[in-house]
Structure formats: structure tokens, C-alpha cells
Amino acid sequence: MPRWARRALRLNATTTGGWVRYAQLLANAGADAIELNLYRLAADPDESAADVEAGDLRLIADVVASVDLPVAVKLGPYYTAMANFARRVTGVAHARGLVLFNRFYQPDLDLETRDVVPRIDLSQPWELGLPLRWIAMLRPVLDPAVSLAATSGVHSGGDVVKALMVGADVAMTTSALLHHGPEHLATIEAEVRAWMTEHEHESVSQLRGSVTTATSDDPAAFERANYLRTLHSWTTPPSLVPGPPPA
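Just so you know, these numbers come straight off a predicted model, no measurement behind them. (Residues numbered from 1 in each chain as written. Predicted model: local features only at pLDDT ≥ 70, side-chain atom pairs only at ≥ 80, totals over all residues. Heavy atoms only, no water.)

**A closer look at the nonpolar core**
L38, I60, V63, V73, L75, V89 and L98 are the most contacted members of the largest nonpolar core, which has 49 residues in total. Discounting chain neighbours no more than four positions away, the residues touching V73 are L36, L38, I60, V89, A95, G97, L98 and V99. (Core = buried A, V, L, I, M, F, W, Y, C linked by side-chain atoms within 4.5 Å. Buried < 20%, exposed > 50% of the residue type's maximum accessible area, 1.4 Å probe, protein only. Contact = heavy atoms within 4.5 Å.)

**Some words on the packing of aromatic side chains**
Summed over all chains, the structure comprises 2 aromatic pairs. With centroids separated by 5.5 Å and ring planes inclined at 35°, the aromatic side chains of Y78 and F104 adopt a geometry described as tilted. With Y78 in the loop between β3 (71–75) and α3 (82–91) and F104 in the loop between β4 (97–100) and β5 (108–109), this pair connects stretches of sequence that are 26 residues apart. Overall, the relative accessible area of 13% leaves F104 in the buried class. Ring plane angle 20° and centroid distance 4.1 Å describe the contact between Y79 and F85, whose orientation is recorded as stacked. Here Y79 falls in the buried class, since its relative accessible area comes to 15%. Of note, R21 hangs over the ring of Y22, and the distance from its end group to the ring centre comes to 5.0 Å. (Phe/Tyr/Trp six-rings, centres within 6.5 Å; stacked < 30°, edge-to-face > 60°. Helix = DSSP H or I, 4+ residues; strand = E, 2+ residues; numbered from the N terminus. Lys NZ or Arg CZ within 6 Å of the ring centre and 35° of its normal.)

**Section: the environment of Y78**
Look at Y78 and you get exposed, because its relative accessible area is 60%. For the pair Y78 and L41, spaced 37 residues apart in sequence, the C-alpha separation works out to 9.0 Å.

**Focus: a nonpolar patch on the surface**
On the surface, a nonpolar cluster with roughly 340 Å² of combined accessible area is contributed by Y39, Y105 and I120. By the element assignment, Y39 lies in the loop between β2 (33–37) and α2 (49–66). Owing to a relative accessible area of 39%, Y39 belongs among the partly exposed residues under this scheme. (Patch = residues over 30% accessible without salt bridge, like charges linked within 9 Å, V, L, I, M, F, W, Y side chains within 5 Å. Areas by Shrake-Rupley, 256 points an atom, 1.4 Å probe, with all protein chains shown as cover. Salt bridge = Lys/Arg side-chain N within 4 Å of Asp/Glu carboxyl O.)

Spelled out as C-alpha cells, the structure:
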């Protein structure tokens, strides 16, 4: 984990001027790094995918140029060509890290008033699959100096181990702490240590990146080639297995 990631402050804004101004304020306040939390939907039908990416790259580059601090970017998973865009975020726009992925909270409808109402659903462990896939694919193609953080679905020490295996430098958790309280961090750490001891790993660096598309025995498993195998892995729950007709 890079030292600068230990006191990174998250930044949310709506305009380029706002992003830059508040990034400078955070830098002056003593932040070690800044995380840009890109959170917007490309809902304009006149805006192409290329337009969206170009706008985001300009924003990231402007913030990076405005502060003398490492800048990480928290991305959503909905870019058309994620691997290409990630490489441009870190190469062209000079971000020092990526946080994968931003969770977009979905609206709900009140059936009585017909109002659109906000709803917050905390992450579940199954959501870790998406960041695991992309970190495993991105780690071998990005500059080794780029820091990668896994977020969404990290609830246990086993989840942290998985994130490290695919090449993450950092595993982030919030929902688990809201569920169990901050003391759950000690449980997660103990579970990581126990797993490493059981599997004879002496350090996190020995574990990190051991199962990426460059190091895995089955790199296609991270891509669509694993689709049919995944479907065949489904088993019908016992409660849904039809039984004999009632007598």
C-alpha cells in the first residue's frame, strides 16, 4: 500500500472549477492524496462514449495539474472500453491510482405518491466479483507504479485475500463496518493473518498479484470464455427440486 494512500481524502464536485478549487483546498489542509469520486450517468443521447471519456480525462488532468499530490480516481464500471480508458486515466491524465468500482445508488418509486425516492442498499459480498475481474485484467497492463484499490463487496478477511491475489494494493470496506461496527476491522485483519499462516505466506507482497491474467493458470476464466462453465456451475436449490406429487 503506498504511503500516500493512508490519508487520501475523497473529493466530490459537479464542475471542473469546483473539482479544482476543492482539490486545492484539500491539498492546503494537509491531505497526502486526493481521490476523485467520478459519479455521473451518461444520459445525454447527444453525447457519445468518446465525448464522455474525453470530458472525464480533461477533468482528471486538470485536477492532477492543479495540485502537487498523488491523485487517484474512483471509476464506475460502465465505460465502453474499460481497459483502454483505465490506461488513459493513468497514462494520459497521470492519475496515480484507480479505485474500482463506484457503486451507483439506484432510485426507487413510491407506489402511493409516484415519487422517485432515494434508496441506499449496502454492498453485499457477491459484488466483489466485478472489481476482482477488472483488477486481475488491469494489473498486468498498467504501469506497476499505479496503485489499484478494490471496493464494493469487501466484508471479510477472505475478501481481502482475494483482492490482494488479483493485484490490488488496497481493499476498502464500508458496508461491513456499518453492519458490524468499526471493531470488525480487527476481525478482518485476524482472518487475513490466519489465512496467510495456514497457506504459508510470509508477506502480503508474496500474495499480491498471484492470480492475475498474467499469472493465473486459467487467465480466460476472468473473461467471457468462462461463460458456459459458469452456467454449468448452477445447481438448483433443494427447496426448488420438485418432489413426488402429494398423495
